[in-house]
Amino acid sequence: MAASKIQALWNHPAGPKTIHFWAPTFKWGISIANVADFSKPPEKISYPQQVAVTCTGLIWSRYSTVVTPKNWNLFSVNVVMAGTGIYQLARKIRHDHFSEVQVPAKE
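Since this is a predicted model, take the numbers as computed values, not measurements.

**Q** Quick question: what am I supposed to make of unusual backbone geometry here?
**A** One can expect most non-glycine residues to show negative phi and most peptide bonds to be in trans. With an omega of 5°, the peptide bond running from Thr68 to Pro69 counts as cis. Looking at the element boundaries, Pro69 is found in the loop between α3 (47-66) and α4 (72-98).

**Q** I would appreciate a short explanation of the pattern of salt bridges in the present structure.
**A** Any two side chains of opposite charge can pair if their charged atoms end up close together. The tally for this structure, following the rule as stated, stands at 2 salt bridges. Residues Lys40 and Asp37 are paired through a salt bridge, measuring 3.8 Å at the closest nitrogen-oxygen approach. The class for Lys40 is partly exposed, based on a relative accessible area of 28%. The partner of Lys92 in a salt bridge is Asp96, with the nearest N and O atoms 3.7 Å apart. Of this pair, Lys92 and Asp96 both sit in helix α4, 4 residues apart, roughly one helical turn. Accessibility expressed as a relative area gives 8% for Lys92, which makes it buried.

**Q** Whenever I open this one, the packing of helix α2 (residues 19-36) against α4 confuses me. Can you help?
**A** When two helices pack together, their arrangement is given by the angle between their axes and by how far apart the axes lie. Two elements in contact, α2 and α4, have axes whose closest approach is 9 Å; the angle formed by their N-to-C orientations is 20°. As summarised for this structure, α2 and α4 are arranged roughly parallel, according to the angle between their axes. Crossing handedness for the pair α2 and α4: left-handed. Each of Phe21, Pro24, Thr25, Lys27, Trp28, Ile30, Ser31, Asn34 and Val35 in α2 lies in contact with α4, whose residues at this interface are Asn73, Leu74, Ser76, Val77, Asn78, Val80, Met81, Thr84, Gly85 and Gln88. Its residues assigned to classes, the contact of α2 with α4 shows 9 nonpolar, 9 polar and 1 charged.

**Q** Help me understand α3 in this model?
**A** In an α-helix, one turn spans 3.6 residues; hence positions three or four apart end up facing the same way. Counted at 1.5 Å a residue, the expected span for α3 with its 20 residues is 28 Å, and the 29 Å between its end C-alpha atoms agrees. Of all the positions in α3, only Gln50, Val53, Thr54, Gly57, Ser61 and Ser64 are classed as buried. For α3, the angular spread of buried residues about the axis comes to 110°, placing them on one side. In α3, the exposed positions that point more than 90 degrees away from the buried face belong to Pro48, Ile59 and Arg62. Residues of α3 that are buried in the fold lie against α2 and α4.

**Q** Help me understand the side chain of Thr84, please; the structure alone is not making it clear to me.
**A** Locating Thr84 in the fold gives a position in helix α4. What makes Thr84 buried here is its relative accessible area of 6%. At 3.0 Å, the side chain of Thr84 forms a polar contact with the side chain of Asn34.

The rules behind each value
Residues numbered from 1 in each chain as written. Predicted model: local features only at pLDDT ≥ 70, side-chain atom pairs only at ≥ 80, totals over all residues. Heavy atoms only, no water. Helix = DSSP H or I, 4+ residues; strand = E, 2+ residues; numbered from the N terminus. Salt bridge = Lys/Arg side-chain N within 4 Å of Asp/Glu carboxyl O. Buried < 20%, exposed > 50% of the residue type's maximum accessible area, 1.4 Å probe, protein only. Axes fitted to C-alpha atoms, helices over the stretch in contact; angles between N-to-C directions. Parallel < 35°, antiparallel > 145°, perpendicular 65-115°, else oblique. Left-handed = near helix turned anticlockwise from the far one by under 90°. Contact = heavy atoms within 4.5 Å. Nonpolar A, V, L, I, M, F, W, Y, C, P; charged D, E, K, R; others polar. Expected span 1.5 Å × (residues − 1). Arc of directions from axis to C-beta. Polar contact = N/O pair within 3.5 Å; in protein donor to acceptor, adjacent residues only side chain to side chain.

This is the structure in structure tokens:
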């Protein structure tokens, strides 16, 4: 049974013998890097970079559901990419526009 599932994955039109498998697999690196940046101070987050990550995730998530063959690896990596981008943008916006700045008192 396990052998037949591995065989089915291997021969799938979006399986490991195609670019349709490897491109999204390596794209996980971007999402992992974005998760690693959750500990980065918000002032070091780049608006253009996170907007690009978010838009890429949203656009390609939709695209991955309408192409043939269905590529669930592409869909999942882009959902995570959009989610991490939205989270980073929220952190940056909260820091830039809603945090109270501590002004040192003059003596």
